[in-house]
Amino acid sequence: MTQTDTSRSAGASAPDSPHVEFKDVRKTYDGETLVVKNLNLQIRRGEFLTLLGPSGSGKTTSLMMLAGFEVPTSGDIRLAGRSIAGLPPHKRDIGMVFQNYALFPHMTVAENLAFPLSVRKMPKAEIEDRVGKALRMVHLEKFDARRPAELSGGQQQRVALARALVFDPQLVLMDEPLGALDKQLREHMQLEIKHIHESLGVTVVYVTHDQTEALTMSDRIAVFNHGVIQQIDVPDRLYQQPCNSFVANFIGENNRLKGVVRDVAGGKCRVDLTNGETVLATAVAVGQAGETTTLSVRPERIVLDAAGVGRDNRLNARVLERIYLGDHLRLRLAVADSDDFMVKVPFADDAQVFQAGHAVSVCWAAEDCRALDPV
Amino acid sequence: MTASSLTGRSGARIESRNLKAQLRRTERRRKLEAAALVAPLLIFLAVFFLAPIVGMLIRSVENSELPTTMPETAAALRQWDGIDLPPEPVFASFARELAAGQRDRTLAGVAKRLTYEVPNMRSVLFATARGLPETPNGTWRDTLTARDKTWGDPATWAVMRRAAAPVTPLYMLASVDREMDASGSIVKVASDRAIYIDIFIRTFWMAAVVTVWCLVLGYPLAFKLASLPPRVSNLLMILVLLPFWTSILVRTGAWVVLLQREGPINEALQWVGLISEPLQLVYNRVGVYVAMIHILLPFMVLPLYSVMRGISPAYMRAATSLGATPFTAFRRVYLPQTIPGVGAGCLLVFILGVGYYITPALVGGAGDQMVSYFVAFFTNQTINWGMAAALGSVLLIATLLLYWVYARLVGIDRMRMG
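Residues numbered from 1 in each chain as written. Chains lettered and ligands numbered in written order. Predicted model: local features only at pLDDT ≥ 70, side-chain atom pairs only at ≥ 80, totals over all residues. Heavy atoms only, no water.

In the nomenclature of an unreviewed UniProt entry, chain A corresponds to Spermidine/putrescine import ATP-binding protein PotA from the organism Skermanella stibiiresistens SB22. Entered under Subunit (unreviewed entry) in the UniProt record, the comment concerning chain A runs "The complex is composed of two ATP-binding proteins (PotA), two transmembrane proteins (PotB and PotC) and a solute-binding protein (PotD)." Within the UniProt record for chain A, the comment given under Catalytic activity (unreviewed entry) is "ATP + H2O + polyamine-[polyamine-binding protein]Side 1 = ADP + phosphate + polyamineSide 2 + [polyamine-binding protein]Side 1." (UniProt positions renumbered as here; feature names shortened; annotations may be inferred.)

Before going further, it helps to spend a moment on unusual backbone geometry. For Ala80 of chain A, which is not a glycine, the phi torsion comes out positive at approximately 50°. With relative accessibility at 27%, the residue Ala80 of chain A sits in the partly exposed group. Of note in the backbone geometry, Arg105 of chain B takes a positive phi value of approximately 55° without being a glycine. Looking at the secondary structure, you find Arg105 of chain B in the loop between helix 4 (88-104) and helix 5 (107-115). (Buried < 20%, exposed > 50% of the residue type's maximum accessible area, 1.4 Å probe, protein only. Helix = DSSP H or I, 4+ residues; strand = E, 2+ residues; numbered from the N terminus.)

Turning next to a nonpolar patch on the surface. Residues and elements named next belong to chain B. Residues Leu41, Ile43, Phe44, Leu45, Val47, Phe48, Phe49 and Leu50 make up a contiguous nonpolar surface patch of roughly 830 Å² in combined accessible area. Position of Leu41 among the secondary structure elements: in helix 1 (residues 2-59). Leu41 sits in the exposed class, given a relative accessible area of 53%. (Patch = residues over 30% accessible without salt bridge, like charges linked within 9 Å, V, L, I, M, F, W, Y side chains within 5 Å. Areas by Shrake-Rupley, 256 points an atom, 1.4 Å probe, with all protein chains shown as cover. Salt bridge = Lys/Arg side-chain N within 4 Å of Asp/Glu carboxyl O.)

This part takes up the domain arrangement of chain B. All names here are of chain B. Taken domain by domain, chain B holds domain 1 (1-59), domain 2 (65-168) and domain 3 (196-414). The C-alpha-based centres of domain 1 and domain 3 are spaced at 43 Å. Counting residues at the interface gives 4 residues for domain 1, matched by 6 residues for domain 3. Between domain 1 and domain 3 the total buried area reaches about 460 Å² when both faces are included, carbon and sulfur atoms providing 79% of it. (Domains from an automatic or database assignment. Contact = heavy atoms within 4.5 Å. Buried area = accessible area lost by both parts, 1.4 Å probe.)

Further remarks concern the interface of chain A and chain B. Contact with chain A, which involves 21 residues of that partner, is made by 17 residues of chain B. Of the roughly 1,700 Å² buried between chain A and chain B on both sides combined, carbon and sulfur atoms contribute 68%. The tally of links from chain A across to chain B stands at 1 salt bridge. A salt bridge links Glu70 of chain A to Arg317 of chain B; its shortest N-O distance comes to 4.0 Å. Those elements that provide at least two residues to the side of chain A that touches chain B are strand 6 (94-97) and helix 3 (109-118) of chain A. Looking at side-chain class alone, the side of chain A that touches chain B contains 15 nonpolar, 3 polar and 3 charged residues. (Nonpolar A, V, L, I, M, F, W, Y, C, P; charged D, E, K, R; others polar.)

Looking now at the domain arrangement of chain A. Residues and elements named next belong to chain A. With domains assigned, chain A is organised as domain 1 (3-245) and domain 2 (255-372). Placing a centre on the C-alpha atoms of domain 1 and another on those of domain 2 gives a separation of 40 Å. The interface is formed by 8 residues belonging to domain 1 together with 8 residues belonging to domain 2. Carbon and sulfur atoms supply 46% of the area that domain 1 and domain 2 bury against each other, a total of about 650 Å² over both sides. Its largest share of buried area at the contact with domain 2, domain 1 owes to Tyr239, Pro242 and Ser245, together 64% of the area lost on that side. If you look at where domain 1 meets domain 2, you find 0 salt bridges. Applying the counting criterion to the domain 1 and domain 2 interface returns 4 residue pairs in polar contact (both at pLDDT 80 or more). At 3 residues, the largest contribution of residues to the side of domain 1 that touches domain 2 is made by helix 8 (residues 235-240). Here the side of domain 1 that touches domain 2 is composed, by residue class, of 4 nonpolar, 4 polar and no charged. (Polar contact = N/O pair within 3.5 Å; in protein donor to acceptor, adjacent residues only side chain to side chain.)

Looking now at helix 8 (residues 154-164) of chain B. Residues and elements named next belong to chain B. With 8 of 11 residues buried, helix 8 is to be regarded as a mostly interior element. Residues Thr156, Trp157, Ala158, Val159, Met160, Arg162, Ala163 and Ala164 constitute the buried set of helix 8. As for helix 8, its buried residues are in contact with helix 2 (65-69), helix 3 (71-79), helix 4, helix 5, helix 6 (121-129) and strand 1 (178-180). N-capping of helix 8 is provided by Asp153, with a side-chain oxygen placed 3.0 Å from the backbone N of Ala155.

The next subject is the sheet that holds strand 14 (residues 292-297) of chain A. Residue and element names in this part refer to chain A. In spatial order, the strands read 11-12-13-20-14; together these 5 strands close into a barrel with mixed pairing. Ignoring strand direction, the axes of neighbouring strands in this sheet form an average angle of 50°. Across 2 bridges, the pairing between strand 13 (residues 278-283) and strand 20 (residues 369-372) is parallel. Following the sheet pairing, Thr282 is matched in strand 20 by Arg370. (Pairing = 2+ DSSP bridges. Axes fitted to C-alpha atoms, helices over the stretch in contact; angles between N-to-C directions.)

Here we take up the nonpolar core. By size, the foremost hydrophobic cluster in this structure holds 105 residues, and its most contacted members are Leu66, Phe104, Phe115 and Leu173 of chain A. Here this core gets 13 residues from one element, more than from any other, and that element is helix 14 (residues 285-309) of chain B. When residues no more than four places from it in sequence are discounted, the contact partners of Phe104 of chain A are Asn112, Phe115, Pro148 and Arg163 of chain A together with Tyr315, Ala318, Ala319, Leu322 and Val333 of chain B. In terms of nonpolar packing, the next biggest core, distinct from the first, is built from 29 residues, Leu98, Val110, Leu125 and Leu132 of chain B among them. (Core = buried A, V, L, I, M, F, W, Y, C linked by side-chain atoms within 4.5 Å.)

Before going further, it helps to spend a moment on the pairing of strand 6 of chain A. All names here are of chain A. Burial of the side chains of strand 6 extends over both faces: Ile94 and Met96 are buried on one face and Gly95 and Val97 on the other. With 4 bridges joining them, strand 6 and strand 7 (residues 171-175) adopt parallel strand pairing. Residue Gly95 lies in a different strand from strand 7, and its bridge partner there is Val172.

Shown next, in the form of structure tokens:
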């Protein structure tokens, strides 16, 4: 039978072993700077893992090493328990969706989908059968005779997706596949990819720099920066419990306040702000007393004035700007050293009182404020 | 309310009429500007490119020698049914105009034209004209036949009649080794005179060999150039284009120096010990091929490079990620996408190669001359412009046919010249 099936059964015999494993992988292009530094990563079978990070953070390089287009400078990559270091890309049996789809322009949609099957020397009837199924999966049954240039961006994206899945690969890699689509289509495709992943149960490694996309689709997210995974976690923990300032800033909206640690006790710490006020925060990445830290508070965790009675922290603030957003109100405040301290206010009858120039007080619980490494 | 909306609507109609007029005005300006920008080149092409080609095509069937020098004879010959000998009036007007031509010294053109079909007609014509009496001795037919029995031969008059026609297929037929016999049907020329078909075959064969070699050498080069970073590839591209900076004569001359018996290539091969006797590399087919490939290679590399540059490396990656071996990926994904470049390059090299003259003339032997050599020969040596034009026309027609085939196979809109 096909390569796919044998590797499937090999993988099934050891269901608990990681499907993909990076072991101490390092990559440098020029022999001086490491693009990927000591990457250790385990991906479970059937998992949707997103590599998230700014450009140049090493996420795409990691993906390309997995696909076989880049060679690790040192370390090992294992797929279903066996090293794929010496395996050329065409023998890895990994489906891949490229940034600009890379649909073959001289072939029709059906020919594009048949390509991976025909190079595997499948019988013609089976190819037709599988191509038809793949087209139905992405709702493009009527487009089989079109050339890629005659399709819209979203349709091309679907063909690329179908082509990467049509030969039943054990693993599918996606390199910013939605980058070229407009916002609405992107959101639609995110859900569609998620549903396809759920129904097929393949392992997906997805690269993006869009945090919303990562949060929407992933089982787990690995946040990359400077060639190092900063944090790898499920989306809600990543958002609510960032382990350092980079992750806190990169994922979601974040308010930062500079301060100096006064004391640390029982997982909590007291931090003196630059204007003399003191904040009680959860100690996450702080040193000893006297060292600087950055406090991180999500805008939606902050309550104003009377609503904040009983919270651990209450700070004085002044409204700088009032932004009306229909379903909620955003206020830009001056708090301690920050003058872009954002607060989300759900609509209430008293929303009219928050006008620019007004003095207010901002309150939050110690659990919602994380003391992280200084930036 | 109603009134205001009514005036509003009619106002809109007037507005739209103004708008159309404005649009026409601006469009007209734009069109004039475009025409003015294109006009200089268009005029240039018409005067220096189209007109000469049309002139050549006309000259390849032109038959004006006899009709201009002997208009009455020509008119009379055209009336004649061509059976046996022409009637007496034809002989009479011919004799009169022959004498006038002898007096005015205008017979040379006619003599040359007749010689193309009957080799000794020049001497016959001049011998007959010299001292021709004012009045016939009996009939003109007898008088002329008495002076030279050629005039009593119906074949002579068949040739005369053909020379009197407004256009002649003579040159076109000759350039494909055909001629008209006395009865006017088209036959092959005697095998000892049949050379042009062979020369055309040789020309196309040599151009094809050069094209194939250029493709074989140029494809990998263009592939490498296209995959290099732009800074390096631009530098190397200048090296590819370097031959364009020297005259074709100098380049060809340089190959003679390099390839001659005591030249550096032969000496190097002998020094290495690969050969004991110097090879004959020049004044034969090898020399012509080497020099032509060298000169024409950039015309292959440029369109290939331009097409390959536009092919994203992602296609090859996608193909291999889908399970294709590098070779299969190349054959099924890369190669088909370079076809427009391959087509353009081959067409360009072939068409240029078919018209080569200087290189075979300088580096080739007698058996390596192409059609252009004979065009030059007829233009400069024998002043037979009809023949030169006919050979050129056949070449042009063959080239256009080839272009048409290419357009059908690949499509002109997909061609990229670089």
